[in-house]
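Structural overview for review
Take a look at the letters that make up each chain.
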Amino acid sequence: MSRIRDFHINPSPIPTTVLGIRATLRQFTWALFCALLGGFPPAAGATAQVMGTMPSLRIETGTHVAPIRAASMDRDGRYAVTASEDKTARVWDAASGSPLSVFRPPSGPGNDGKLYAVAMAPDGAVFATAGWSASNDVYLVRRSDGQIIHRITGLPDVVTHLSFSRDGRMLVAGLWGRQGVRVFQGTESWSSARELQGDPDFSDEVNASVWSPDDKTVVVSSADGFVRAYEATPKGLRLLSRSTPGTGVPFGLAFSPDGQTVAVGTSDQGSVALLDAKTLKMRKVLSPAKGSLARSLSVVAWSTDGKRVYAAGSWVNDKGRFAILVWPDAGQSEPSVIPVARNTITALHATPDGSLLYATADPAWGMLAANGQSQFTIGSSLLDFRNQRSRFRLAADGSALAFQDARPGDTGDAFDTRQLAWAKAARDWQAPRTSAGKTMVDNWFERQQPSINGKGLGLDANEWSLAASVSRDGNRIAIATNFQIRLYDRNGRALWKTAAPATPWQVNTSDDGRWVVAAFSDGTLRWYRQHDGNEQLVFFPQADGRRWVMWTPGGYFAASPGGENLVGWQVDRGSAQAADFYPVSRFRTEYYRPELISEVISKGSTDAALAALPASAAAPPGGQAIRERLPPTVRIVSPDASNWPAGSDIKLQVAIRAPADAPPTKLRARINGQPVALPALSALRSSRADANESIYEVPLSLSGLEAQILLFAENKHGVSPEATLTLKKPPVTAKEAAAAANGMGMPAPASAPATGGVDLRPALYVLAIGISKYQDPSIQLEFAAKDSTDLSNFFRAQEGGLYRKVSVRLLTDHAAKRDDVLDGLEWIRRELTARDVGMVFIAGHGVNDADGTYYFLPQDVNVKALKRTGVIFSEIRNTLVSLPGKAMFFIDTCHAGNVLGTGARSLRLDTTAVINELSSADNGVIVFAAATGRQYAQESPDWGNGAFTKAILEGLRGKADYNKSGRITHKMLDLYVSERVKSLTEGAQSPVTIVPSGVPDFPLVLGQR
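Below or above, wherever it landed, is the structure these notes cover. Residue indices follow the written sequence of each chain, beginning from 1 at its first position. Since the coordinates come from a predicted model, pLDDT governs what is reported: local features require at least 70, and pairs of side-chain atoms require 80 or more to be given and counted, while whole-chain, interface and lining totals use all residues. Excluding hydrogens and water, the side-chain figures rest on all heavy atoms present in the structure.

**Some details on the environment of Ser133**
The helix count covers DSSP runs of H or I at least four residues long, the strand count covers runs of E at least two residues long, and both are numbered beginning at the N terminus. Following the sequence through the fold, Ser133 ends up in the loop between β7 (126-131) and β8 (138-142). Only protein chains enter the accessibility calculation, which uses a 1.4 Å probe; a residue whose area is less than 20% of its type maximum is buried, one above 50% is exposed, and one in between is partly exposed. You can call Ser133 buried: its relative accessible area is 5%. Residues Ser133 and Lys114 lie 19 residues apart in sequence; the distance between their C-alpha atoms is 7.8 Å. Under the rule applied, a polar contact is a pair of N or O atoms within 3.5 Å (in protein, one hydrogen donor and one hydrogen acceptor; residues adjacent in sequence only if both atoms are side-chain atoms). A distance of 3.1 Å separates the side chain of Ser133 from the backbone nitrogen of Asn136, its partner in a polar contact.

**Points about the sheet that holds strand β33 (residues 421-423)**
Judged by pairing direction, the sheet is antiparallel, and its 4 strands sit side by side in the order β30-β31-β32-β33 without closing on themselves. Two strands lie at the open edges of the sheet, namely β30 (393-394) and β33, each paired on one side alone. Two strands qualify as a pair provided DSSP detects at least 2 bridges between them.

**Re unusual backbone geometry**
The omega torsion across Asp362 and Pro363 is 5°, close enough to zero to call that bond cis. Mapping Pro363 onto the fold places it in the loop between β27 (356-360) and β28 (364-368). Following Ser638, the chain continues to Pro639 via a peptide bond in cis, the omega torsion being 0°. For Pro639, the location among the structural elements is in the loop between β50 (633-638) and β51 (649-657). Positive phi, normally seen in glycine, also occurs at Lys87, with a value near 70°. Overall, Lys87 belongs to the buried group, its relative accessible area being 9%. With phi around 55°, Asn443 is a residue other than glycine that occupies positive phi space.

**Concerning the sheet that holds strand β1 (residues 56-59)**
The 3 strands are arranged β1-β48-β49 in an open sheet whose pairing can be described as antiparallel. Both outer strands of the open sheet, β1 and β49 (580-583), are each paired with one neighbouring strand and no more. This sheet shows a mean twist of 40° between the axes of neighbouring strands, independent of strand direction. Pairing of β1 with strand β48 (residues 567-571), which is carried by 4 bridges, proceeds in the antiparallel orientation. Considered in β48, the bridge of Leu57 is made with Trp569. Interaxial angles span 0 to 180 degrees and are taken between N-to-C directions of axes, which are lines fitted to C-alpha atoms, for helices over the stretch in contact.

**Re the packing of helix α8 (residues 784-796) against helix α13 (residues 947-959)**
At a closest axis distance of 10 Å, the pairing of α8 and α13 adopts a crossing angle of 15°. Taken together, the axes of α8 and α13 lie roughly parallel to each other. Here the hand of the crossing between α8 and α13 comes out left-handed. Mapping the contact onto sequence places Asp787, Asp790, Leu791, Phe794 and Phe795 in α8 and Thr949, Ile952, Leu953, Leu956 and Arg957 in α13. Under the scheme applied, nonpolar residues are Ala, Val, Leu, Ile, Met, Phe, Trp, Tyr, Cys and Pro; charged residues are Asp, Glu, Lys and Arg; polar residues are all the others, including Gly. Its residues assigned to classes, the contact of α8 with α13 comprises 6 nonpolar, 1 polar and 3 charged. Geometric relationships in this document are graded by angle, where less than 35 degrees denotes roughly parallel, more than 145 denotes roughly antiparallel, 65 to 115 denotes roughly perpendicular, and other angles denote oblique. In this scheme the crossing of two helices becomes right-handed for a clockwise turn of the near helix relative to the far one and left-handed for an anticlockwise turn of less than a right angle. Residue contacts follow a heavy-atom distance rule, with two residues in contact if any of their heavy atoms lie within 4.5 Å.

**Description of the packing of aromatic side chains**
Working definition: rings of Phe, Tyr and Trp (its six-membered ring) pair if their centres are within 6.5 Å, and the pair is stacked with planes under 30 degrees apart, edge-to-face with planes over 60 apart, and tilted otherwise. Summed over all chains, the structure comprises 22 aromatic pairs. The structure contains a cluster of three or more aromatic residues connected by ring pairs, namely Phe385, Phe403, Phe415, Trp422, Phe539 and Trp548. Counting as a charge over the ring demands two things of the Lys NZ or Arg CZ atom: a distance within 6 Å of the ring centre and an angle within 35 degrees of the ring normal. When the ring centre of Phe581 is taken as origin, the NZ or CZ atom of Arg104, which lies over that ring, is 4.0 Å away.

**Let's talk about helix α9 (residues 818-831)**
What sets the pattern is the α-helix's 3.6 residues per turn: residues three or four places apart point alike. Multiplying 1.5 Å by the residue count of a helix minus one yields the expected span of that helix. A rise of 1.5 Å per residue sets the reference length of α9, with its 14 residues, at 20 Å; its end C-alpha atoms lie 20 Å apart and thus fit the reference within 8%. The set of residues buried in α9 consists of Val821, Gly824, Leu825, Trp827 and Ile828. One side of α9 carries all its buried residues, which in axial view fall inside an arc of 155°. Away from its buried face, by an angle of more than 90 degrees, α9 presents the exposed residues Asp819 and Arg830. Against the buried residues of α9 lie β59 (763-770), β60 (805-812), β61 (837-843), β63 (854-857), β64 (871-872) and α11 (873-882). Each C-beta atom gives one direction from the helix axis, and the arc is the one those directions make.

**A short note on the pattern of salt bridges**
Salt bridge, as applied in this entry: a Lys or Arg side-chain nitrogen positioned within 4 Å of an Asp or Glu carboxyl oxygen. According to the stated counting rule, one finds 45 salt bridges in the structure shown. Two residues, Arg69 and Glu85, come together in a salt bridge whose shortest N-O distance is 2.7 Å. Linking Arg69 in strand β2 (residues 68-73) with Glu85 in the loop between β3 (79-84) and β4 (89-93), this pair joins segments that are 16 residues apart in sequence. Assigned by exposure class, Arg69 and Glu85 land together as buried.

**Looking at the side chain of Thr346**
Following the sequence through the fold, Thr346 ends up in strand β26 (residues 345-350). Within the structure, the side chain of Thr346 is placed 2.8 Å from the backbone oxygen of Ile68, a separation counted as a polar contact.

**Quick notes on the nonpolar core**
Within this scheme, the nonpolar core is defined by two criteria: the residues are buried Ala, Val, Leu, Ile, Met, Phe, Trp, Tyr or Cys, and they are joined through side-chain atoms within 4.5 Å. One finds Phe403, Leu525, Trp527 and Phe539 to be the most contacted residues of the largest nonpolar core, which totals 50 residues. If sequence neighbours within four positions are ignored, Phe539 has contacts with Phe403, Phe415, Trp422, Gly523, Thr524, Leu525, Trp527, Trp548, Val549 and Met550.

**So, the pairing of strand β10 (residues 159-164)**
When you tally the buried positions in β10, you get 5 out of 6 residues, the bulk of the element. Where β10 and strand β11 (residues 170-175) come together, 5 bridges link them in antiparallel fashion. The residue bridging His161 from the neighbouring strand is Gly174, located in β11. Hairpin geometry of β10 and β11 is characterised by an intervening segment of 5 residues between the two adjacent antiparallel strands and by a positive phi of about 80° at Gly168.

Okay, here's the thing in C-alpha cells:
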C-alpha cells in the first residue's frame, strides 16, 4: 500500500528547491510529498515563464481542484478568501460557505498563475493575492467581482506570504529566496500603492508575517530559523529584535489579542512556541501529550477573546485524521483534538464570534463553532486515484478503463469512451505491469532513481517516480513522475516526455500498443498516443458518479447532463487584468460533438475521428478559434450584497464587455430563476468604462426581501456567463421580532388563500403528452400514453391545495399529432403568468438527426421526413424558456423500440444536449429526465407505468417527503426518483434532474402530515 495517504504537504509554498534528500525517513517522506503535491517551480530565483496569451481549458467545479495554500478573512468574519495552486482565489460567504466571486490571475502553462499567498483587507472590500508569475506580481483585487484594482509588479522573487495592517493601509509581502520582506502603503481604495522601507537581509524565504493589534509592530518568521520583530513607521519597517525560538523552523504566527504574546508554529515540529512580543524571548512551549510529534504544527491562531490557542498542520490523531489542537486558558491546559481533514491544514483564522476558519490541502475549507462543532465544510468533488493501482485497469484497445471501486447502486466502476457511458469493468482488462517478457522496471515507486533492467533512468532534479507500466510485449515502459509522463524503450532509452498537468497517481499502457493513460490529482484521466506522447483526450468524472465531461485539447467535448460546465476556457486580457472564464457550454453549438469524442480512441486522434464522420460543418478547434467566438461578459459593479438598501426597488450598476466586432445586443435577467423583462440596452443610461466595456444603470423591482439576481448579456456569438447578486433579508429588529411574536405582519400560508379576499396561491398549468400508438406500427410503446394520463389525473386533484387552479391539457396517441403538440406548446405559453407554475411532460420517442438536433416524435411522424413531421427541439425550448413563471420539463423519450430500424441509420438517441441547454442558468428550466445519455428508459406491465413515471407518482404521493414536512419540493422529488428508478431497473436506468443556478427549492405538492 502506498504511504502517500499518510504523507503531508509542506507548508512552504515552493518547497522542492530547499529540501534536499535527508538521511532520516521522516525527512525523506517530507521531501517526497512536497514534490508529489504538484509540480512546484524550479530553483529559487529562476525567472518565471512568460505569461501565455492563448486561451486554455481549465477545470471548474465551483470549488478548488488543487491544494489551498492560504486563506484569510475580514475583521468582522463576514467573508473568507482562499488561494490555491489551481490558479484561482475564491471568495466565500463565511456564514454559509456560499461562493461569492472568483479571481483568475493572468496565467500560462505549468506553474505560471499558481497562487501561494492571500490576505483580505480588514474592511473586506479588497484582498491581495500573489504567487508564481512572470513579474512576481501582487494583485489587489476587488472582493465583490474578482477584478484587479491595482498590481504591484517587479518584485525580485516569488511572494510567499501577505498580511494587511489592522487599519488596512499597509501591506507586508514576504518573499522567496533571500529577498526578505517588502512593505507597501496604499491609497484608501488600493487603486495605487507606494513602496516603503522593507528588509532584504534574509538568508532564506519568509514563511509568515503578522501585525500587532495596535499596528505598531510586525513580526516575521523565516526558514532561516529567525523570528524578527519590526517597528512599523511612516517610512516603513525598522528592525527591533530577532531570535531563534529553538523549537524548530518558525512558520505560522499569531498575536494574542492583548498584543503581549506571539504564538509561533513550526514547520518541522509538533509544538508551538509562545514568545514575549517585545523581546521575542520564550515564555512557554505548547506540545500535545499524544499524537504524531514528528508532524508539524505549522499554522496557528488565537481566539479573539484571548482564551484559546489553535494550532494545526500535518499533525494527525491516532486514526490518521489531520487535526486542529485547541489549548484552552491561553495555553495553560492540555489541548483538545478536533480532527477535520484528510490532508495538511494550511491556514487558520479566528473570527470575532468565536468561530474558526481552516483550510486544507485536500483541497477543502470549513468553519468550526466556538465549541469545536463543525458549521460546514466545503470539500473537493475530485476522485482520488491514489492507492488504486490494482483497480486502474485498461481495455486492450484503450477505449475503456476502470479507476475506482464499484459501489452499491452505481451504474459501474468503469467508463467506456465508445458508448460515452459508465460500464462494468471486464475481467480481461489489464492493470499496470511491472514486468513483461524480459523487461522489468524497478525502484519506480516514490523514488528518484527508477531503473529498467538495472539501468538507471536519470530523472531531473527534484523529480520523483510515482507510477510505472510495462507494455504487454515489454518493449515500452511508461513512467509517471511528479513533473512528467515519460516513455522509454526496453533498453532505458528515452522516447518522449510530456509535462504533467497535475500529480500523476497512476499510469497504464494499452495492450494494443497505442495508448498511455494516466490518472492525475486534479481528477482527470488523460490519453497520450504511445508513439509520440501527444495528448488526445481528457476525461473528468465527478465523485458523485453522475456528472462527467470529456474533451479534446482543441475544445471538442461531450458531457453528461449537468456536466458541461465542469470545464471551460480561460481567456487572459493582459498582465494587469483578471482573466475571463467561459464554460464550454457557451460554445455548445460548435463544439459539442459526442459522436466525434466517441471515435477518438479507436481512430487514434481527433483529426482522424473527425475525418471518419459524415461531412458536416465543424468549428475549427483551439484557443484562437475560441477568441473569435467570444460572447460578452457581464458583472455587477454595485450594489454590493453587503450594503444594498432593502426595499422593493433596486438600481444595479452593470458592466458589459464584448469584443469590438461583436458588441452586446441584449441584457437579460432572472430573479429566483424566473425571467424579468428589462429595457433595451439602448434605453438604459450608460457610461463608457474603456474601449470595450460600458456601465449601464439597470432598474429592477423585487417582490420580496430575498432574491438571487442573475444577469446575462448577449451578442452575435451567444450568451455570457451569468453575473450573480444574492440579496438576503436584513436581520430582524427587536421591534419586528416583537410584532412577529404577537402575530403581526405574518404572511398567509401558501396552502390557503390570504385574508382580504385575494388568493395569492399560484396556478398550475400542465401540458402532458404521451404517445404509445404511433401511426408507424414498428415503433409502438405500451405505457407512454398511460404515463401522461396518470400524471395529469394526479395534478388535477391538487387544485384547491397548494394551487388555486390547475389547468391540464392532455394529448395522447391520436390526439398528439404534430399540430396538436405545437398547439399545446402555444397554449401553455399563452396561459402562464409570472405567479404560476408550468410543467411540460413528454413521453414517447425522441431522436437526434445526423447534425445532433433533437426531435420529439409526434403520433403522425414519418421518420424519413423528420424535419417536416417531427417536433424540433427549438419549439419546445422556445416555449419553456419564455414561460414567465416557474418552468419544469419532464422528458421520457429514450425508450427502446424500432425507431432506428426504419432505415434511418443516421438517427441516434441522446437527450443530453436537450437537458443541458434547457437547464442552463440563462434558460432557467428545471429538467427531470428519465435516463442519461444513451440509456434506454424502461417500462413494464409489472409496474403499470414506465419506471420514471412510477417513481414520480410515488414520490409526489408522499414517499418523497422524507422528513414528514407535509410538502414535497423538487429537490425532494429528485432524491426519491433517482434512487427509485435505479432500484426498479436494477441500475439499467439512471434518471437525472438538473436545476439551474439561481432557482431556489420550492414545493410542488402538499403531502400528508
